[in-house]
Each structure stands twice: as C-alpha cells, then as structure tokens.
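# Working through the structure, step by step
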Amino acid sequence: MTRREPDVRPAAREDTARSVRTLGEAFAGPPATRCGVAPDGRTDRVTALL
C-alpha cells in the first residue's frame with residue numbers, strides 16, 4: 001500500500017469565509033456548545049464569534 005501525503009498549502013485571504021464556516025459547524029456540535037448556546041441558529045452564532 002502506498003501512502004500519499006495530503007496536499008497542504010498556507011491559507012490565503014480568500015480561504016477565510018470557508019474556514020470560518022467550517023470551524024463554526026465544527027464548534028456548534030460539541031456538548032459544551034450545545035449546553036451554552038441555544039439550538040436555533042447555533043451555527044450562525046458560533047460562527048459570528050470566530
């Protein structure tokens with residue numbers, strides 16, 4: 001089996017919106033966030049903090 005290294009590059013300014021969306025979705029799911037942030041619009045509120 002051949003192991004392939006992932007394609008990685010430094011983030012650019014145009015990556016910001018996509019990165020913030022991804023982090024907002026990731027941080028909206030953990031139990032601590034679910035306890036502290038109301039469910040309606042949770043992802044949007046967490047994303048706004050980033």
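Quick note: structure is the one above.
Position labels on residues start from 1 in each chain and follow its written sequence. Reporting of local features is limited, given that this is a predicted model, to residues whose pLDDT is at least 70; pairs of side-chain atoms are given and counted only at 80 or more, and all residues count toward the totals for whole chains, interfaces and linings. Water and hydrogen atoms were dropped before computing side-chain values, which therefore reflect all heavy atoms in the structure.

On to the packing of helix 1 (residues 16–27) against helix 3 (residues 42–49), then. Every axis in this analysis is a line fitted to C-alpha atoms, fitted for helices over the stretch in contact. Angles between the N-to-C directions lie between 0 and 180 degrees. Strands here are runs of E lasting at least two residues and helices are runs of H or I lasting at least four, both read from the DSSP assignment and numbered beginning at the N terminus. Relative to each other, helix 1 and helix 3 sit at 125°, their axes nearing to 8 Å. For the element pair helix 1 / helix 3, the angle class is oblique. Between helix 1 and helix 3 the crossing geometry is right-handed. For the pair helix 1 and helix 3, contact is made by V20, G24, E25 and F27 and by T43, V46 and T47, respectively. When its residues are assigned to classes, the contact of helix 1 with helix 3 shows three nonpolar, three polar and one charged. Each angle receives one of four descriptions, namely roughly parallel if under 35 degrees, roughly antiparallel if over 145, roughly perpendicular if within 65 to 115, and oblique otherwise. Two helices that cross are described as forming a left-handed crossing if the nearer one is turned anticlockwise from the farther one by less than a right angle, and a right-handed crossing if clockwise. Should any heavy atoms of two residues lie within 4.5 Å, those residues are counted as being in contact. In this count, Pro and Cys sit with the nonpolar residues alongside Ala, Val, Leu, Ile, Met, Phe, Trp and Tyr, while Asp, Glu, Lys and Arg are called charged and the others, Gly among them, polar.

On to the side chain of T47. Tracing the backbone through its elements, the reader meets T47 in helix 3. Beyond its immediate stretch of four places on either side in the chain, T47 contacts V20 and G24.

So, about the pattern of salt bridges. Should a side-chain nitrogen of Lys or Arg be within 4 Å of a carboxyl oxygen of Asp or Glu, the pair is scored as a salt bridge. Using the criterion set out here, one finds three salt bridges in the structure. Between R4 and D7 there is a salt bridge, with the nearest N and O atoms lying 3.4 Å from each other. For the exposure calls, accessible area comes from a 1.4 Å probe over protein chains only, and a residue counts as buried if that area is under 20% of its type's maximum, exposed if over 50%, partly exposed in between. Residue classification places R4 among the exposed residues on the basis of a relative accessible area of 67%. Classification of D7 as exposed rests on a relative accessible area of 70%. Between R45 and D40 there is a salt bridge, and its shortest N-O distance comes to 3.8 Å. Note on R45: relative accessible area 38%, which makes it partly exposed. Accessibility expressed as a relative area gives 55% for D40, which makes it exposed.

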